[in-house]
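Residue strings, one per chain:
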Amino acid sequence: MAPLNGLLVVDLTRYLPGAYAGRELLRLGARVVRIEQPDGDPLRQTAPSWHDALNAGKESVVCDLKSPGGLELAHALLGLADVVLEGFRPGVAARLGVGPDDARAGAVYCSITGFGVDGRHVQRAAHDLNYLGWAGALDDTAPALPPIQVADLAAGALGAVTQILAALLEGGGAHVVVSMTHRTHDLVAHRVGPEPIPKLLTGGVACYRIYETADGRFLTVAALEQVFWRRLCEVVGLPGLVERRWEPRLRELEEAIASRPLADWLELFDCADVRAGPVSTLAEAAAEFGSGERLGASPQIGEHTGRWRAELGLGGAG
């Protein structure tokens, strides 16, 4: 499906949130053009492989927004865009001449921000880990770091895509604002009230934990329901633990799982309909669940600048 076929997305962002959002819009059929400063997105140097994975199939146009020629090209692209992505601090895009008022009237202009456009944190500098901390998402697990960038990718990028698609359905012509901190808090807000069991899904009960196996690998156990917990206890050979699933820690279970390698447990559990599985490596997960989708090559900095200037009837360089 390519429901966004024929739509142009102009992306002014840097780093992960905008790049991920743009990739999702590209997957839905949009044409995505990145406006980069002459030195390019910092992600090109910080994590080149990440950059290439997230920007494959997109186009890159270099615009020095502080030069008349660069700003002219940016304005021309904004005048054609159906969707604009930006991730500056509030007020910066407008000051640079690429704010909501500089885009086509019918465009969906999406600002991915750290803290929204009002309140005491508006101009605060931060990254994913900071947003997660402010949002309360790390309360149960600190000082451990989260394994993925939830604020950047889920709250920010996918939050932006959701609102962009909704605005397009309404006919466009909207300025939508995504706050990565607010949307991250939305992901944990259902837990603000009293909890039946503290840390139910974050390490507080024996039936929902990660256990180490004999070969130094790890097994995930998510046997919250009594029927699945009973089966696990039977397979492990510890039927006496059936009534103890809500305890924080069961050393007997830890020792039992640590007595055999991961592959053995997976084979046993596959036949027992138990909610357990491996902590796969990234390579293992890619081999089994990766889409293999190829969206094209990642563009070089400014690779499409000349073509767009010619298409737009602009001479010279910017």
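Just above sits the structure.
Residues numbered from 1 in each chain as written. Predicted model: local features only at pLDDT ≥ 70, side-chain atom pairs only at ≥ 80, totals over all residues. Heavy atoms only, no water.

K.L.:
Mind showing me how you'd approach unusual backbone geometry here?
P.N.:
Across residues other than glycine, the phi torsion is negative in most instances, and most of the peptide bonds are trans. With omega at 10°, the peptide bond leading from Ala142 into Pro143 counts as cis. You can see Pro143 is positioned in the loop between helix 6 (128-135) and helix 7 (150-169). Despite not being glycine, Lys199 has its phi angle at roughly 55°, a positive value. Within the secondary structure, Lys199 is located in the loop between helix 8 (180-188) and strand 7 (208-212). According to the relative accessible area criterion, Lys199 is partly exposed, its value standing at 35%. Of note in this structure, Asp273 is not a glycine but carries a positive phi near 55°. Mapped onto the elements, Asp273 comes out in the loop between helix 11 (262-270) and strand 9 (276-278). (Helix = DSSP H or I, 4+ residues; strand = E, 2+ residues; numbered from the N terminus. Buried < 20%, exposed > 50% of the residue type's maximum accessible area, 1.4 Å probe, protein only.)

K.L.:
How should a nonpolar patch on the surface be read in this particular structure?
P.N.:
Nonpolar side chains collect at one region of the surface, where Ile210, Phe218 and Val279 lie side by side and expose about 250 Å² of accessible area between them. The topology assignment puts Val279 in the loop between strand 9 and helix 12 (282-289). Note on Val279: relative accessible area 33%, which makes it partly exposed. (Patch = residues over 30% accessible without salt bridge, like charges linked within 9 Å, V, L, I, M, F, W, Y side chains within 5 Å. Areas by Shrake-Rupley, 256 points an atom, 1.4 Å probe, with all protein chains shown as cover. Salt bridge = Lys/Arg side-chain N within 4 Å of Asp/Glu carboxyl O.)

K.L.:
Explain the packing of aromatic side chains here, please?
P.N.:
Any aromatic ring pair is given by two values, namely how distant the centres are and how the planes are angled relative to each other. Tallied over the full model, the rule gives three aromatic pairs. Residues Trp265 and Phe269 carry aromatic rings whose centres are separated by 5.7 Å and whose planes lie at 20° to one another, so their mutual orientation is stacked. One end of the pair, Trp265, and the other, Phe269, are both in helix 11, four residues apart, so they sit about a helical turn from each other. The positively charged end of Arg23 is found above the aromatic ring belonging to Tyr20, 4.7 Å away from the centroid. In this structure, Arg260 packs its charged tip against the face of Trp265, placed 5.4 Å from the ring centre. (Phe/Tyr/Trp six-rings, centres within 6.5 Å; stacked < 30°, edge-to-face > 60°. Lys NZ or Arg CZ within 6 Å of the ring centre and 35° of its normal.)

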